[in-house]
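Coordinate analysis (summary)
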Amino acid sequence: MPHFKSDFLRVMHERGHVHQCTDLESLDEKASKGIVTGYIGFDATADSLHVGNLAGIMMLRRLQQTGHRPIALMGGGTTKVGDPSGKTETRQLMSDVQIAANIASIKGIFTNYLTFGGGAKDAFMVNNADWLDTLGYIPFLREVGAHFTINRMLTFDSVKMRLDREQPLTFLEFNYMIMQGYDFVELHKRYGCALQMGGSDQWGNIVNGVELGRRMKDLELFGLTTPLITTASGAKMGKTAAGAVWLKKERLSSYDYWQFWRNTEDADVGRFLKLFTDLPLEEIGRLEKLRDAEINEAKKILAFEATKLAHGAEAAEAAAETARQVFEGGEGQGGDLPTYEFPRGTTPLVVDVVVTLGLAASRGEAKRLIEQGGLRLNDAAVTGLTATIGESDLDASGAARLSAGKKRHAVVRAV
RNA sequence: GGACGGGUGGUCGAGUGGUUAAAGGCAGCGGACUGUAAAUCCGCCCUCGCAAGAGUACGUAGGUUCGAAUCCUACCCCGUCCA
């Protein structure tokens, strides 16, 4: 392991955030001498970020933790154009209003990971629409376009791949890398930003920005990428039954978020603890040595720490407690589970309840679940398709637990 | 603008007049084994219906036919090549 002068690079390296760097030594030097301002770009197509963005968010967090200044750059300008790589779907152009709402919502996520404010080390958020929207074509071409050669642009993997496969590459897409490079230079001009980070797939784009800075203004800019985070089984991280693992509570409950981390594969536990929690390395070292059933303890800690960062300690504790009751306590119904309420005295059809709760997408699916023995009411398999929930199923508080499969649980309650 | 190729279920991809709710793969879901893991095996996987069955569905809208994802027409969209 190389020896670093700066806390920033030492921490990044120890925790497994570093994949490639344009100039590790000089960046180390710079970070050891003063405050470095660094940024990562994020899409503004949805009102929440998801776990796939978390590696980047954590990099910004580490940057701030080690005494530097993070910028979250929102791609409001590029979002307006739309990602042209989508296939058959006609891309919907997003309205300014929508984009602004998304950005505001996403900011709520960042505030959990970064300290915002006006101080020298406080994080802030900018939108590249601020400068991309008003670009003049000719001045831009002369100022920026002149520094890019087509010869070189054609050598980029993203471009080469399309050409090799004889798939179309629009002029718009072709310009994307220039835009991104320009963002970097603009951020330097406005805020003295000298570092761009991102996933390893962004390497080419990042290098472009670094080079553009040098050519236009003889700037010394740096690029740093994280390894693409995949699970030990090779899958891209962040997909579950319900789709994307969103970071916003409104999109995915704390309990489900906690469960996502709880279900990490054994082989990933140590790596994820380093990347996605603030736990000291010594403790992680101890946790990742656990084997067999014991490693479940490490997974719970991972789940708790990750949820604490995203949703706060209180939500994390509630989620952990719910999980404990549901999986270990047998009887109880945690407060965090989805709940179905019905008037006392009525006997709702189980099938309907399952659909309403979202445990199954349709009545047909609910029935299949029952036929396969996957649906349980208070841990007893529901047998008939016409089963109802009656007074005798409810406990003293008027509640019963409904489970689909081994991991998905909900509460039904008479009110 | 011209020539050609194409649009099939969450996705990839078979299917070129009836035996097609549509092969197969992937993803997903349930079960077994376990540790709320991985791997493996079994089952499921459009909607409604207890069921028999019915309704939708192969880009969109019409048409031919006893019968269409399959043939015809128009339109929309995507791609390749040429201007």
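1. Description of the overall build of chain A
When helices and strands are counted, chain A shows 18 helices and 13 strands. Within chain A, the fraction of its 415 residues that count as buried is 48%. Taking the contacts inside chain A whose residues are at least 6 apart along the sequence as the reference set, 71% of them involve residues at least 24 apart. Accessible surface, chain A: about 20200 Å² in total, of which carbon and sulfur atoms supply 51%.

2. Examining the pattern of salt bridges
This structure, assessed with the given rule, holds 20 salt bridges. The shortest N-O distance in the salt bridge between arginine 344 and glutamate 391 comes to 3.3 Å. Here arginine 344, found in the loop between strand E9 (339–342) and helix H17 (350–357), pairs with glutamate 391, found in the loop between strand E11 (380–381) and strand E12 (399–404); they are 47 residues apart in sequence, far enough to count as distant. With relative accessibility at 49%, the residue glutamate 391 sits in the partly exposed group. Connected through shared salt-bridge partners, Lys5, Glu29 and Lys33 make up one network.

3. Structural notes on the protein's contact with RNA strand B
For RNA strand B, the set of nearby residues contains 34 residues, the closest of which are Asn263, Asp266, Arg363, Arg368 and Lys406. Asparagine 296 places a polar side-chain atom, nitrogen or oxygen, 3.3 Å from a base nitrogen of RNA strand B. Lysine 407 places a polar side-chain atom, nitrogen or oxygen, 2.7 Å from a phosphate oxygen of RNA strand B. Contributions of two or more residues to the surface near RNA strand B are made by helix H12 (254–262), helix H15 (295–311), helix H16 (313–328) and helix H18 (363–371).

4. Here's the deal with a nonpolar patch on the surface
A surface patch of nonpolar side chains, about 450 Å² in accessible area, is lined by Tyr137, Ile138, Leu141 and Phe171. The greatest single-element share of the nonpolar patch, amounting to three residues, is contributed by helix H7 (residues 137–143). Locating tyrosine 137 in the fold gives a position in helix H7. Residue classification places tyrosine 137 among the exposed positions, given a relative accessible area of 52%.

5. Let's talk about helix H13 (residues 269–276)
The element H13 is largely enclosed, with a buried count of six among its eight residues. Every buried residue of H13 is accounted for by Val269, Gly270, Phe272, Leu273, Leu275 and Phe276.

6. Notes on the packing of H15 against H16
At a closest axis distance of 7 Å, the pairing of H15 and H16 adopts a crossing angle of 145 degrees. The hand of the H15/H16 crossing is right-handed. Between H15, through Lys300, Phe304, Thr307, Lys308 and His311, and H16, the contact on the second element is made entirely by Ala313, Ala315, Ala316, Glu317 and Glu328. Within the contact of H15 with H16, the residues separate by chemical class into four nonpolar, two polar and four charged.

7. A look at the confidence of the model for chain A
Per-residue confidence for chain A gives a mean pLDDT of 86, with 89% of residues at or over 70. Under a pLDDT of 50 for its full length, residues 84–92 has, in the predicted model, seven contacts with residues more than four places off or in other chains. Here the complex is predicted with pTM 0.87, and the ipTM for its interfaces comes to 0.83.

8. Notes on the packing of aromatic side chains
Pairs of aromatic rings are described using the distance from one ring centre to the other and the angle between the two planes. Tallied over the entire structure, the rule returns ten aromatic pairs. A centroid spacing of 5.2 Å and a plane angle of 90 degrees characterise the contact between phenylalanine 140 and tyrosine 182, whose relative ring orientation is edge-to-face. One end of the pair, phenylalanine 140, is in helix H7; the other, tyrosine 182, is in helix H10 (residues 171–191), with 42 residues separating them in the sequence. For the pair formed by phenylalanine 140 and tyrosine 182, the shared burial category is buried. Look at tryptophan 261 and phenylalanine 276: their rings are 5.2 Å apart centre to centre, the planes differ by 55 degrees, and that puts the pair in the tilted class. Highlighted residues: tryptophan 261 in helix H12 and phenylalanine 276 in helix H13, separated in sequence by 15 residues. Overall, the relative accessible area of 0% leaves tryptophan 261 in the buried class. Given the relative accessible area of 2%, phenylalanine 276 is considered buried.

9. Some thoughts on helix H14 (residues 281–288)
Listed in full, the buried residues belonging to H14 are Ile284, Gly285 and Leu287. Seen end-on, H14 carries its buried residues on one side only, within an arc spanning 165 degrees. For H14, the elements touching its buried residues are H13 and H15.

10. Some words on the sheet that holds strand E13 (residues 408–414)
Judged by pairing direction, the sheet is mixed, and its five strands sit side by side in the order E9-E13-E12-E10-E11 without closing on themselves. Since the sheet does not close on itself, it has two edges, and those belong to E9 and E11, each with one partner. As defined by bridge partners, strand E10 (residues 375–377) adjoins E12 across three bridges and the pair is classed as antiparallel. Note on E12: the bridge partner recorded for leucine 375 is alanine 404.

11. Re the pairing of E12
The element E12 is extensively covered by neighbouring structure, given that six of its six residues are classed as buried. Bridge analysis of E12 against E13 gives six bridges, and the strand direction is antiparallel. The residue bridging alanine 404 from the neighbouring strand is arginine 408, located in E13. Linkage of E12 to E13, two consecutive antiparallel strands, is achieved through a turn of three residues, within which glycine 405 is found at a positive phi near 70 degrees.

12. Side note on the environment of leucine 54
As for its placement among the helices and strands, leucine 54 is situated in helix H3 (residues 54–65). Note on leucine 54: relative accessible area 2%, which makes it buried. Along the sequence, leucine 54 and phenylalanine 276 sit 222 residues apart, while their C-alpha atoms lie 7.7 Å from each other. In contact with leucine 54, not counting residues within four places along its chain, are Tyr113, Leu247, Tyr257, Trp261 and Phe276.

What counts, and at which threshold
- Going along each chain's sequence as written, the residues are numbered from 1 onward.
- Each chain is given a letter, starting from A, and each ligand a number, starting from 1, according to the order in which they appear as written.
- For a predicted model such as this one, the threshold for reporting local features is a pLDDT of at least 70, and the threshold for listing and counting side-chain atom pairs is 80 or more; totals across whole chains, interfaces and linings nevertheless cover every residue.
- For side-chain calculations, the full set of non-hydrogen atoms in the structure is used, while hydrogens and water are omitted.
- Helical segments are the DSSP runs of H or I of at least four residues, strand segments are the runs of E of at least two, and each set is numbered from the N terminus.
- Under the scheme applied here, a residue whose accessible area is under 20% of the maximum for its type counts as buried, over 50% as exposed, and between as partly exposed, the area being computed with a 1.4 Å probe on protein chains only.
- Here, residues are in contact when the closest pair of their heavy atoms is within 4.5 Å.
- For every accessible area listed, the method is Shrake-Rupley and the probe measures 1.4 Å; residues are considered covered only by the protein chains on display.
- In what follows, salt bridge is the name for a side-chain nitrogen of Lys or Arg lying within 4 Å of a carboxyl oxygen of Asp or Glu.
- For this purpose, a residue is taken to be near a molecule or strand whenever a single non-hydrogen atom of the residue falls within 4 Å of it.
- Within 3.5 Å is the distance limit for a polar contact, defined as a pair of N or O atoms, with the added protein rule that one can donate a hydrogen and the other accept it, and that residues adjacent in sequence qualify only through two side-chain atoms.
- Surface patches are drawn from residues lacking salt bridges whose relative accessible area is over 30%; two like charges belong together within 9 Å, two nonpolar side chains (Val, Leu, Ile, Met, Phe, Trp, Tyr) within 5 Å.
- Axes here refer to lines fitted to C-alpha atoms; in helices the fit is confined to the stretch in contact. Angles between the N-to-C directions go from 0 to 180 degrees.
- Whether a crossing is left-handed or right-handed is set by the direction in which the near helix is turned from the far one by less than a right angle, anticlockwise for left-handed and clockwise for right-handed.
- Throughout, the ten residues Ala, Val, Leu, Ile, Met, Phe, Trp, Tyr, Cys and Pro are labelled nonpolar, Asp, Glu, Lys and Arg are labelled charged, and all others, Gly among them, are labelled polar.
- The predictor reports its confidence for every residue as pLDDT, a score running from 0 up to 100.
- Centres within 6.5 Å are what make two rings of Phe, Tyr or Trp a pair, Trp counting through its six-membered ring; a difference in plane orientation under 30 degrees is then read as stacked, over 60 as edge-to-face, and the rest as tilted.
- Working definition: the arc comes from the directions between the helix axis and the C-beta atoms, pointing outward to the latter.
- A pair of strands is labelled paired if DSSP reports no fewer than 2 bridges between them.

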